[in-house]
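Here's the letter readout for the chains.
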Amino acid sequence: MKIWIPIGLIAALGLLLGLRQQPVALVSQESFPAVTASIRGAPSETALMEEALQPPLPAAMQQAMTQVAAAYQISSQYPPYSIPLDSQQTELLQPNAGAHSVRDLNSVGLPGQLSIQLSAYRYRQDEPIEADITLSGDDALFSQLSGLTLSVRDNSNTVLLMPQAQIQNNRSEQRLHTRFSGRDSWPTELNLVAELQLSDGSTLRQSAPFQVFTAVAEITGLGTPYVDDNELVIPVDIDQAAAGYYKLAASLHHADKKPLAYLQGKGRIGSSGTLELRVHGSLLYNLGGIQNLWIGNLQLRKMPEKPGPEVQWGFSREDFYAVNNVDPSRFSPIPFQDEQTLSRLQFLQSLGSPGTH
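This structure is a prediction, so every number in the text was calculated from the model and none was measured.

## What about the overall build of the chain?
In terms of helices and strands, the chain carries six helices and 23 strands. Put simply, the chain has 357 residues, and 44% of those count as buried. Within the structure as shown, the chain displays about 18,600 Å² of accessible surface, and the carbon and sulfur contribution to it stands at 49%.

## Focus: the environment of Leu190
Along the polypeptide, Leu190 turns up in strand E12 (residues 189-198). Apart from residues no more than four positions distant in its own chain, Leu190 is found in contact with Val152, Arg153, Asp154, Leu160, Ala208, Pro209, Phe210 and Val212.

## What to know about the sheet that holds strand E6 (residues 122-124)
Taken in spatial order, the five strands make up an open sheet running E6-E13-E12-E8-E9, and their pairing is mixed. With partners counted over all chains shown, the strands left at the sheet margins are E6 and strand E9 (159-161), one partner each. Here the average twist between neighbouring strands, direction ignored, is 45°. Sheet topology places E12 next to strand E13 (residues 203-213); nine bridges connect them, and they run antiparallel.

## Some words on the pairing of strand E17 (residues 244-253)
Counting buried positions over the 10 residues of E17 gives eight, a clear majority of the element. Two strands pair when backbone bridges link them, and E17 and strand E18 (residues 259-269) are joined in this way by 10 bridges, in the antiparallel orientation. In the sheet register, Lys247 faces E18, and the bridge partner there is Lys266. If you look at the hairpin formed by E17 and E18, you'll find five residues sitting between the two strands, and Lys257 has a positive phi there, around 75°. Of the pairings in the sheet, the one linking E17 to strand E20 (residues 291-302) comprises seven bridges and is antiparallel in character. The residue bridging Leu248 from the neighbouring strand is Leu300, located in E20.

## Considering the environment of Val279
Along the polypeptide, Val279 turns up in strand E19 (residues 273-280). What makes Val279 buried here is its relative accessible area of 0%. Not counting the four nearest positions on each side in its chain, Val279 is found in contact with Ser82, Asn230, Glu231, Leu232, Ile234, Leu252, Leu263 and Leu284.

## A short note on the packing of aromatic side chains
Summed over all chains, the structure comprises three aromatic pairs. When the ring of Tyr123 is compared with that of Phe210, the centres are 6.1 Å apart and the planes differ by 85°; the resulting orientation is edge-to-face. Of the two residues, Tyr123 is situated in strand E6 and Phe210 in strand E13; the sequence distance between them amounts to 87 residues. On the basis of an interplanar angle of 70° and a centroid distance of 6.4 Å, the ring pair of Phe180 and Phe210 is categorised as edge-to-face. Residue Phe180 is found in strand E11 (residues 173-180), and its partner Phe210 is found in strand E13; the two are separated by 30 residues along the sequence. Ring pairing ties together the aromatic residues Tyr123, Phe180, Trp186 and Phe210, which thus form one cluster. Residue placement shows Arg124 over the ring face of Phe315; its charged tip is 4.0 Å from the ring centre. The aromatic ring of Trp294 is capped on one face by Lys257, whose charged end is 4.7 Å from the ring centroid.

## Thoughts on the nonpolar core
Judged by nonpolar contacts, the single largest core of 38 residues is most densely connected at Ile234, Leu252, Leu284 and Ile295. Sorting the residues of this core by element identifies helix H4 (90-93), strand E14 (218-222), strand E16 (231-239), E17, E18, E19, E20 and strand E23 (320-326) as the ones contributing at least two each. Dropping the residues within four chain positions of it, Leu252 is found in contact with Ile234, Lys258, Pro259, Leu260, Ala261, Leu263, Val279, Leu284, Leu293, Trp294 and Ile295. One finds Val152, Ala194, Leu196 and Ala208 within the second-largest nonpolar core, a separate group that totals 30 residues.

## Concerning the confidence of the model for the chain
Predicted confidence across the chain gives a mean pLDDT of 84, with 75% of residues reaching 70 or more. Considering only residues more than four positions removed or in separate chains, one finds that residues 15-43, a stretch of pLDDT under 50, has 79 contacts.

Conventions and cut-offs
Residues numbered from 1 in each chain as written. Predicted model: local features only at pLDDT ≥ 70, side-chain atom pairs only at ≥ 80, totals over all residues. Heavy atoms only, no water. Helix = DSSP H or I, 4+ residues; strand = E, 2+ residues; numbered from the N terminus. Buried < 20%, exposed > 50% of the residue type's maximum accessible area, 1.4 Å probe, protein only. Areas by Shrake-Rupley, 256 points an atom, 1.4 Å probe, with all protein chains shown as cover. Contact = heavy atoms within 4.5 Å. Pairing = 2+ DSSP bridges. Axes fitted to C-alpha atoms, helices over the stretch in contact; angles between N-to-C directions. Phe/Tyr/Trp six-rings, centres within 6.5 Å; stacked < 30°, edge-to-face > 60°. Lys NZ or Arg CZ within 6 Å of the ring centre and 35° of its normal. Core = buried A, V, L, I, M, F, W, Y, C linked by side-chain atoms within 4.5 Å. pLDDT = per-residue confidence, 0-100.

Shown next, in the form of structure tokens:
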């Protein structure tokens, strides 16, 4: 079930309650994707009582608040670090998806389109960078084309590399595939630029952003999972690490790789250590028998010691790791519960139905 709520109302509610976005079940690159809102900093009991004494909201707003409460009731059945995941949530399943940059050339009088598709957004310095460039159109376009070149540029537009490409031509398309490696001297923020040279001497450019990073940690595998209360705990082993505070996100999959849950963990690591991912039992109890699951799409970030944007990245040695012999009989369908969650829900419900809570 999808619940649509006016953006303005959510913004107002955020100011009222201290709304903060976290991944939850009703979702939609960093933060690890923004999804539905979770409410932090819930009002105290005194504040709730004072609020109850205020005049009721207009009827239209009460109806909208009822929808907000319904959405929050659904999302709050799961802890924020373990939420349901489905195949439509591509921003969580493909957190390092490469940029797909498209330019419609009709706006400059050329009947065609130029697109760039990068294989990823972030690359380690020793990792190959691949991209596909497609120029599509008819004879009126290609008759005016004298060349198509590629370049890697920094944010000041300085050319750092002119990568080679394999070219395929047909009647209505010219396709280029390029593969190259980063350089130690390159900055983090980069652009792949496709430049059209036209017969009249003019040029047109289209670019797609990407990053090259030096890894600060390596995920090497999983420890032995265990059950803690109504949660499956999956230790993730990390080595070759720069000491600091890390955040980890990953997707949990069924045996056939169908998505099951989006997981998050955090903690301090020295030169090596583990971070725990926890799966709430309500996501596991109906698996239909003992089976192997998979952990994939791991994203490891080292957070700055002081507030600021300088996030550093780790990487995973493998794309997926097996979580063997998960027994659903060891878990229950009881939803995640805590007092803060209940207070928040009751407060939202009271706004939608004053006098009934």
